Amino acid sequence: MQAVNILCCLFVFEPGLADLSSKWNNIRSRFEKPPPLWFMPTSLQREEILSDFETSGKPKESSWPDVPTELGQISGVAVDLFDRPVVFHRGPVAWDSTSFDISHRYRKIADGPIDVDTIVTLDPVTGDVLKSWGSGLFYMPHGLTVDVNGNTWITDVALHQIFKFKPNSTKPALILGRRFSPGSDENHFCKPTSIAVASTGTFYVADGYCNNRIMMYSSGGTLIGQIGRQGSQLFPNMVDQFLIPHGLVLIEDQDKLCVADRENSRISCFNAGLKELERFGEPLVVSDTKFSGRPYGITAHGARIFTVTGSSFGWGIQRPKGHTLSAENGKVIDTWNSLNGLKNPHDIAISPSSNI
């Protein structure tokens, strides 16, 4: 059966048997100097991974080659059409308490855009930088998606905009949102977090930190519809009441759009409206009560959803970890972690190929 490779912001593991046999490696926390970033197992090592899965089902950690670059806070990860990991990072900029005012406006516009390449493509075997770009374009990187046509999609929470770049182009083919202008109408975003793209070009934006909504667009950028409303931190929320929809994944063959609803500590899936537009936003699946933690990143393969959660300090401390859930019923299939423990996972990406 086909292996699946998952890149989780700071860690990579390779489930075998199309499920959960795993090869892990600890890259770094977002605020530390990066050691190794990718690992290519030999045939013998791959057999050992599968053997470990059959006996224990737990990840096996290994070392990667060194990365010859300095990365800042890593906000997004993806895998391109050539099975190469792509990293979106903030260079010397950090998101902290001084970054935004109470109205969500970016306070450091005068500092200018980030002056280093913020999008880095790595060799899946050696970890070498194959190409990089993005210098002078972004102020506070957040979401990164590479679609089935090789287009790169970006969200910038300081600009309150989303961008589409065609392959090998550094000029945006599409920009939505008003530059540095947060808002809640149809022409504005407020700290958009994530983008999911269908093979048809239809795409979805999680608008994210302020508006708590999911917006559906045509391939040309025309708004088709939106779902979501503001949730409450004091009372249990309905499935369409979001509290920071932080990540999106589209399971296209199931016409299902799943949301990492961070501060509600749940994964919620809705009808994506690709087959029947009038059903867009119809609730389908919610993660079960065994799911815990605040989900930051989300991805999927087949009937499995993978997500990484950050720390929670409400009713007891929840440490960061990974979860695997059923896309059919939301039940937790497994939880997983690095041997050294995830520190600040922010995103997760998956490759359907066994070549990495």
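Relevant structure appears above.
Residues numbered from 1 in each chain as written. Predicted model: local features only at pLDDT ≥ 70, side-chain atom pairs only at ≥ 80, totals over all residues. Heavy atoms only, no water.

Asks: What's the story with the sheet that holds strand β16 (residues 223–227) in this structure? I'm lost.
Replies: Taking strand neighbours across the sheet as the criterion, the four strands line up as β13-β14-β15-β16 in an open arrangement whose pairing is antiparallel. The sheet is open, and its two edges are formed by β13 (192–197) and β16, each paired on a single side. Within this sheet the neighbouring strands show an average axis-to-axis angle of 20 degrees, counted without direction. Relative to strand β15 (residues 213–217), strand β14 (residues 203–207) is paired through five bridges, and the arrangement is antiparallel. Bridging from a neighbouring strand, Asp207 pairs with Arg213 of β15. (Pairing = 2+ DSSP bridges. Helix = DSSP H or I, 4+ residues; strand = E, 2+ residues; numbered from the N terminus. Axes fitted to C-alpha atoms, helices over the stretch in contact; angles between N-to-C directions.)

Asks: Help me understand the pattern of salt bridges, please; the structure alone is not making it clear to me.
Replies: Opposite charge on two side chains allows them to pair when their charged atoms are near. Enumeration according to the criterion identifies nine salt bridges in this entry. When the shortest N-O distance is used, the salt bridge between Arg266 and Asp261 registers 3.1 Å. Asp261 carries the same exposure label as Arg266, and that label is buried. We note a salt bridge from Glu263 to Arg294, for which the minimum N-O separation is 3.0 Å. With Glu263 in the loop between β20 (256–261) and β21 (266–271) and Arg294 in strand β23 (residues 294–301), this residue pair connects regions lying 31 residues apart in the sequence. Given the relative accessible area of 27%, Glu263 is considered partly exposed. (Salt bridge = Lys/Arg side-chain N within 4 Å of Asp/Glu carboxyl O. Buried < 20%, exposed > 50% of the residue type's maximum accessible area, 1.4 Å probe, protein only.)

Asks: Explanation requested: the state of the cysteines in the structure shown.
Replies: Here is the idea: a disulfide is a covalent bond, and it sits between the sulfur atoms of two cysteines. Tallied over the entire structure, the rule returns two disulfides. Each sulfur of the disulfide joining Cys190 and Cys210 lies 2.1 Å from the other. Between Cys190 and Cys210, the S-S dihedral sits near -60 degrees, and the bridge is therefore left-handed. On the criterion of sequence distance, the pair formed by Cys190 in the loop between β12 (174–176) and β13 and Cys210 in the loop between β14 and β15 is long-range, its members being 20 residues apart. You'll find Cys190 and Cys210 in the same group, each marked buried. Taken in sequence order, the bonded cysteines of the protein chain link in the pattern 1-2, 3-4. (Disulfide = S-S within 2.5 Å.)

Asks: Is there a simple way to explain the packing of aromatic side chains in this structure?
Replies: Geometry of an aromatic ring pair is reported as the spacing of the ring centres plus the angle between the planes. Scanning all chains against the criterion turns up 15 aromatic pairs. Seen in terms of ring centroids, Tyr204 and Phe280 are 6.1 Å apart; in terms of plane orientation they differ by 40 degrees. Their pairing is tilted. Of this pair, Tyr204 sits in strand β14 while Phe280 sits in the loop between β21 and β22 (283–286), placing them 76 residues apart in sequence. Both residues of the pair, Tyr204 and Phe280, count as buried. With a centroid separation of 5.8 Å and 80 degrees between ring planes, the pair formed by Phe242 and Phe270 is classed as edge-to-face. (Phe/Tyr/Trp six-rings, centres within 6.5 Å; stacked < 30°, edge-to-face > 60°.)

Asks: What is the right way to look at the nonpolar core in this model?
Replies: Where a protein is soluble and globular, its nonpolar side chains tend to be buried together. Counting 25 residues, the largest nonpolar core has Tyr106, Ile119, Phe138 and Ile154 as the members making the most contacts within it. Counting residues per element, the ones that place at least two in this core are β6 (85–89), β9 (141–146) and β11 (161–165). Residues contacting Phe138, with those up to four places away along its chain left out, are Phe88, Pro113, Ile114, Thr118, Ile119, Ile154, Asp156, Phe163 and Phe165. Core analysis: the second largest hydrophobic core is formed by 16 residues, Ala198, Tyr204, Leu257 and Val259 among them. (Core = buried A, V, L, I, M, F, W, Y, C linked by side-chain atoms within 4.5 Å. Contact = heavy atoms within 4.5 Å.)

Asks: I'm lost on the pairing of β11 in this one. Help?
Replies: Moving residue by residue along a regular strand, the side chains alternate between the two faces of the sheet. Among the five residues of β11, five are classified as buried, and the element is accordingly described as predominantly covered. Side-chain alternation along β11 places Gln161, Phe163 and Phe165 on one buried face and Ile162 and Lys164 on a second face that is also buried. Bridging between strand β10 (residues 152–156) and β11 involves five bridges; their strand directions are antiparallel. Bridging from a neighbouring strand, Asp156 pairs with Gln161 of β11. Hairpin remark: β10 followed by β11, antiparallel, with four residues in the connecting loop; positive phi at His160, about 60 degrees. Where β11 meets β12, three bridges bridge the pair, whose relative direction is antiparallel. Residue pairing for β12: Lys164 is matched across the bridge by Leu174.

Asks: Sorry, what's going on with the sheet that holds strand β24 (residues 304–310) here?
Replies: If you walk across this open sheet you meet the four strands as β23-β24-β25-β26, and the pairing is antiparallel. Both outer strands of the open sheet, β23 and β26 (332–336), are each paired with one neighbouring strand and no more. Geometrically, the sheet is characterised by an average inter-axis angle of 20 degrees between neighbouring strands, direction not taken into account. As paired elements, strand β25 (residues 321–326) and β26 share four bridges and run antiparallel to each other. In the sheet register, Gly322 faces β26, and the bridge partner there is Trp336.

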